[in-house]
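Notes for the structure review
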Amino acid sequence: VQLQASGGGLVQPGGSLRLSCTISGSIFSANKINWYRQAPGNQRELVAVITSDGTPNYANTVQGRSIISRDNAKNTCWLQMNSLKAEDTAVYYCMLPDILTKKNYWGQGTRVTVSS
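Residues numbered from 1 in each chain as written. Predicted model: local features only at pLDDT ≥ 70, side-chain atom pairs only at ≥ 80, totals over all residues. Heavy atoms only, no water.

Most of strand β4 (residues 33-38) sits out of view: five of its six residues are buried. For β4 and strand β5 (residues 45-50), the ladder comprises five bridges, and the chain directions are antiparallel. Among the inter-strand pairings, tryptophan 35 is bridged to a residue of β5, identified as alanine 48. Between β4 and β5, which pair antiparallel and follow one another directly, the connecting turn spans six residues, one of which, glycine 41, has a positive phi of 80°. (Buried < 20%, exposed > 50% of the residue type's maximum accessible area, 1.4 Å probe, protein only. Helix = DSSP H or I, 4+ residues; strand = E, 2+ residues; numbered from the N terminus. Pairing = 2+ DSSP bridges.)

What follows is the structure, given as structure tokens:
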């Protein structure tokens, strides 16, 4: 199982980005997908989760500004981030916790920098 995160970049405050996480293998549809972020000097923070049936949950820090979605046919999960703030600057990681094997599969991370 491999996760490939993409979509990060440099964006001005107030701007938007859409992060993608594409997952190889056949376990995507049965599992939830988590998005984490880690800013320099900070611990990794869970920002959004989408269950296998598409139910989203968000951290308070991104609630109302982010939308997590998935397409099981494409083995892809997206995190749409709007009204970006400087404090959203971080490396964003997608993670799939496999319910059968209890293994956590991580993507390599995609860097988001919010700056004017």
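Here the narrative resumes.
The biggest cluster of nonpolar side chains holds 29 residues, and the ones touching the most others in it are Trp35, Ile68, Cys77, Leu79 and Tyr92. Listed by contribution, the elements that provide at least two residues to this core are β1 (3-6), β3 (17-23), β4, β5, β8 (76-81), β9 (90-97) and β11 (110-114). (Core = buried A, V, L, I, M, F, W, Y, C linked by side-chain atoms within 4.5 Å.)

What follows concerns the sheet that holds β8. Neighbouring strands of a sheet are bound in pairs by backbone hydrogen bonds; such pairs are parallel or else antiparallel. Pairing is antiparallel in the open sheet, where four strands are placed in the order β1-β3-β8-β7. Edge positions in the open sheet fall to β1 and β7 (66-71), since each of these has one partner strand only. Taking the axes of each pair of neighbouring strands and ignoring which way they run, one obtains an average angle of 15° across the sheet. As judged from the four bridges shared by β1 and β3, these two strands associate in the antiparallel manner. Considered in β3, the bridge of glutamine 4 is made with threonine 22. (Axes fitted to C-alpha atoms, helices over the stretch in contact; angles between N-to-C directions.)

The tally for this structure, following the rule as stated, stands at one disulfide. Put simply, cysteine 21 and cysteine 94 are joined by a disulfide, and their sulfur atoms are 2.1 Å apart. For the disulfide bridge between cysteine 21 and cysteine 94, the dihedral angle about the S-S bond is near 75°, and by the sign convention the bridge is right-handed. Highlighted residues: cysteine 21 in strand β3 and cysteine 94 in strand β9, separated in sequence by 73 residues. We classify cysteine 21 as buried; its relative accessible area is 0%. According to the relative accessible area criterion, cysteine 94 is buried, its value standing at 0%. Of all cysteine sulfurs in the structure, the one in cysteine 21 sits closest to cysteine 77, which takes part in no disulfide; the separation is 6.2 Å. Using a relative accessible area of 0% as the deciding quantity, one classes cysteine 77 as buried. (Disulfide = S-S within 2.5 Å.)

A few words on the packing of aromatic side chains. Any two aromatic rings considered together are summarised by their centre-to-centre distance and by the angle between their planes. All told, the structure shown has two aromatic pairs when counted by the stated rule. Plain terms: the ring middles of tyrosine 36 and tryptophan 106 are 5.0 Å apart, the flat faces sit at 45° to each other, and that makes the pair tilted. Of this pair, tyrosine 36 sits in strand β4 while tryptophan 106 is found in strand β10 (residues 104-106), placing the two residues 70 residues apart along the sequence. Residue classification places tyrosine 36 among the buried residues on the basis of a relative accessible area of 16%. Residue class for tryptophan 106 comes out partly exposed when judged on its relative accessible area of 35%. Aromatic side chains tyrosine 93 and tryptophan 106 sit 6.3 Å apart centroid to centroid with 80° between the ring planes, which places their arrangement in the edge-to-face category. (Phe/Tyr/Trp six-rings, centres within 6.5 Å; stacked < 30°, edge-to-face > 60°.)

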